[in-house]
Amino acid sequence: MNNLTKAEEQVMQHIWKLQKVFLKDIVEQFPEPRPAYTTISTVVRVLVKKEFLKYDTYGKIRQYYPAISKEQYFKKHIKQVIGNFFSGSTSKFALFFTENEDLNISELEKMKLMIEKKIEILKDKNE
């Protein structure tokens with residue numbers, strides 16, 4: 001799976017939100033001043049080529065939909081970040097995140113509970 005450029009990611013964000021769209025629907029999602037219709041069309045063609053989008057054809061009109069979920073893309077993207085900047089260590093990433101973000105006690109407690117829940121799930125699987 002390729003990475004998305006900033007423009008491609010902007011278009012994909014709208015498509016992930018709407019799920020099934022025609023080109024005009026994508027263009028309408030952008031705030032004024034909107035990018036040109038032809039610009040969005042070019043980005044969409046690239047996304048189809050990169051296999052991020054699929055489409056159904058109705059006469060001369062195409063309806064686009066995501067070929068990959070937002071979660072799948074994010075998971076791959078975050079793995080690359082962890083690999084490139086944290087030597088593949090998710091614990092180094094978590095440590096960086098907790099040390100460099102303004103997290104309050106409530107947010108840290110929520111994270112702790114999620115981690116404890118995941119540990120229990122993994123323990124149950126291994127027994």
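Note that the structure is predicted; figures quoted are calculated from it, not measured.

Draft legend 1. Main features of the pattern of salt bridges. For the structure shown, the criterion picks out four salt bridges. In this structure, the salt-bridge partner of E8 is K50, at a minimum N-O distance of 2.7 Å. Here E8 is found in helix α1 (residues 6–18), whereas its partner K50 is found in the loop between α3 (37–49) and β2 (53–58), with 42 residues between them in sequence. Note on E8: relative accessible area 6%, which makes it buried. With a relative accessible area of 23%, K50 lands in the partly exposed category. Its salt-bridge partner being D25, residue K24 comes within 3.2 Å of it at the nearest N-O pair.

Draft legend 2. Representation of the nonpolar core within the structure. Among the nonpolar cores identified, the biggest contains 19 residues, and V11, M12, I26, I40, V44 and L47 are the most heavily contacted of them. When contributions to this core are tallied by element, the ones reaching two or more residues are α1, α2 (23–29) and α3. In this structure V44 touches V11, L23, I26, L53 and Y64, once residues within four positions along its chain are discounted.

Draft legend 3. The arrangement of the packing of α1 against α3 in detail. Close contact between α1 and α3 brings their axes to 10 Å; oriented N to C, the two are set at 90°. Of the possible angle classes, the one that applies to α1 and α3 is roughly perpendicular. Along its contact with α1, which presents A7, E8, V11 and M12, the element α3 presents I40, V43, V44, V46 and L47. Each residue belonging to the contact of α1 with α3 can be placed in one class, and the counts come to eight nonpolar, no polar and one charged.

About the cut-offs
- Residues numbered from 1 in each chain as written.
- Predicted model: local features only at pLDDT ≥ 70, side-chain atom pairs only at ≥ 80, totals over all residues.
- Heavy atoms only, no water.
- Salt bridge = Lys/Arg side-chain N within 4 Å of Asp/Glu carboxyl O.
- Helix = DSSP H or I, 4+ residues; strand = E, 2+ residues; numbered from the N terminus.
- Buried < 20%, exposed > 50% of the residue type's maximum accessible area, 1.4 Å probe, protein only.
- Core = buried A, V, L, I, M, F, W, Y, C linked by side-chain atoms within 4.5 Å.
- Contact = heavy atoms within 4.5 Å.
- Axes fitted to C-alpha atoms, helices over the stretch in contact; angles between N-to-C directions.
- Parallel < 35°, antiparallel > 145°, perpendicular 65-115°, else oblique.
- Nonpolar A, V, L, I, M, F, W, Y, C, P; charged D, E, K, R; others polar.

So, to be careful, I would describe these as geometric facts and stop short of saying anything about function.
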